[in-house]
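Report on the structure
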Amino acid sequence: MFETLAWIVVFWIAIASLGLLLAQNWRWLMAFLAAQYLGVFFLTLQNWTLAMASVKVIAGWIGVTILGMSRSGLMQEDANQSESAVPAGRLFRLFAAGLIYVIAIVGTPTISLMIADAPYPVTAGALVLIGMGLLHLGMTNQALRVTIGLMTALSGFEALYATIEGSILVAALLAVINLGLALVGAYLMIASHSSQMESQ
């Protein structure tokens, strides 16, 4: 029963990461990223205590809030323009995401054996997150999406690393890295927007 719930969490993570890849509206991006962090919380909960796993979801949601507030502070014209843009290559993105899922399923048993017999759902979810984060990074140069890709890949690493390390210091360090990524992403969004306004 518990393993079935763990696989449901993996499916939840796969849907959230796919939503991040396909969404055009920044509000949907924030919603999918928050849902993804909730899934990572349940994955790490299998190896960490409730308090330590809660640090992960709280830090992730604070990062989502930082990115969302920074994006909402930009001009409304930019928001409308990004929302009305036609999604380029949606079929290709679906195909690439499908390849990531296949690679994660095929690689799960091998990676699980290499990392101290990590539970299969945790390994599969982590591989999906790492793969989708790298795929996201390879398809965009926008500051918000690059930050989301980095946070997604880091979430996968955190879920996998939680199976072999249960230190409170490591959990705090990873939370600080998440918050740092969000702050840098917010700064880059504002800086790129300011440079665009000056060039006009």
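Described in the following lines is the structure provided in the data block. (Residues numbered from 1 in each chain as written. Predicted model: local features only at pLDDT ≥ 70, side-chain atom pairs only at ≥ 80, totals over all residues. Heavy atoms only, no water.)

**Some points on helix α6 (residues 120-138)**
Put simply, the test is: Numbering of helices and strands runs from the N terminus, with a helix taken as a DSSP run of H or I at least four residues long and a strand as a DSSP run of E at least two residues long. Expected span of a helix: the number of residues minus one, times 1.5 Å. Between buried and exposed lies partly exposed: a residue is buried under 20% and exposed over 50% of the maximum accessible area for its type, with that area taken using a 1.4 Å probe on protein chains only.
Its 19 residues give α6 an end-to-end C-alpha distance of 27 Å, which sits within 8% of 27 Å, the value for a rise of 1.5 Å per residue. Judged by how many residues are buried, α6 sits mostly within the fold: 14 of 19 residues are covered.

**Some thoughts on the packing of helix α2 (residues 26-44) against α6**
Selection rule: Axis angles are defined between N-to-C directions and span 0 to 180 degrees, where every axis is a line fitted to C-alpha atoms and, for a helix, only to the segment in contact. By the definition adopted for this analysis, an angle is roughly parallel if under 35 degrees, roughly antiparallel if over 145, roughly perpendicular if from 65 to 115, and oblique otherwise. Should the near helix be turned anticlockwise from the far one by less than a right angle, the crossing is termed left-handed; should it be turned clockwise, right-handed. Contact between two residues is taken to exist if any of their heavy atoms lie within 4.5 Å; hydrogens are not considered. The nonpolar class holds Ala, Val, Leu, Ile, Met, Phe, Trp, Tyr, Cys and Pro. Asp, Glu, Lys and Arg form the charged class, and all remaining residues, Gly among them, are polar.
Relative to each other, α2 and α6 sit at 150°, their axes nearing to 10 Å. The pairing of α2 with α6 is recorded here as roughly antiparallel in orientation. In the crossing of α2 with α6, the sense of the turn from one axis to the other is left-handed. Note on element contacts: α6 touches α2 through P121, V122, G125, A126 and L129, opposite Q36, V40 and L43. Looking at the contact of α2 with α6 residue by residue, the class counts come to six nonpolar, two polar and no charged.

**Quick word on the nonpolar core**
This is how it is decided: We call a set of buried residues a nonpolar core when its members are Ala, Val, Leu, Ile, Met, Phe, Trp, Tyr or Cys and they connect through side-chain atoms within 4.5 Å of each other.
L29, M30, L33, L67, L144 and I148 are the most contacted members of the largest nonpolar core, which has 15 residues in total. Secondary structure elements with two or more residues in this core: α2, α3 (50-72), α7 (143-161) and α8 (168-199). Among the elements that take part in this core, α2 stands out by supplying six residues, more than any other. Dropping the residues within four chain positions of it, L67 is found in contact with M30, L33, L144, T147, M151, A182, G185, A186 and M189.

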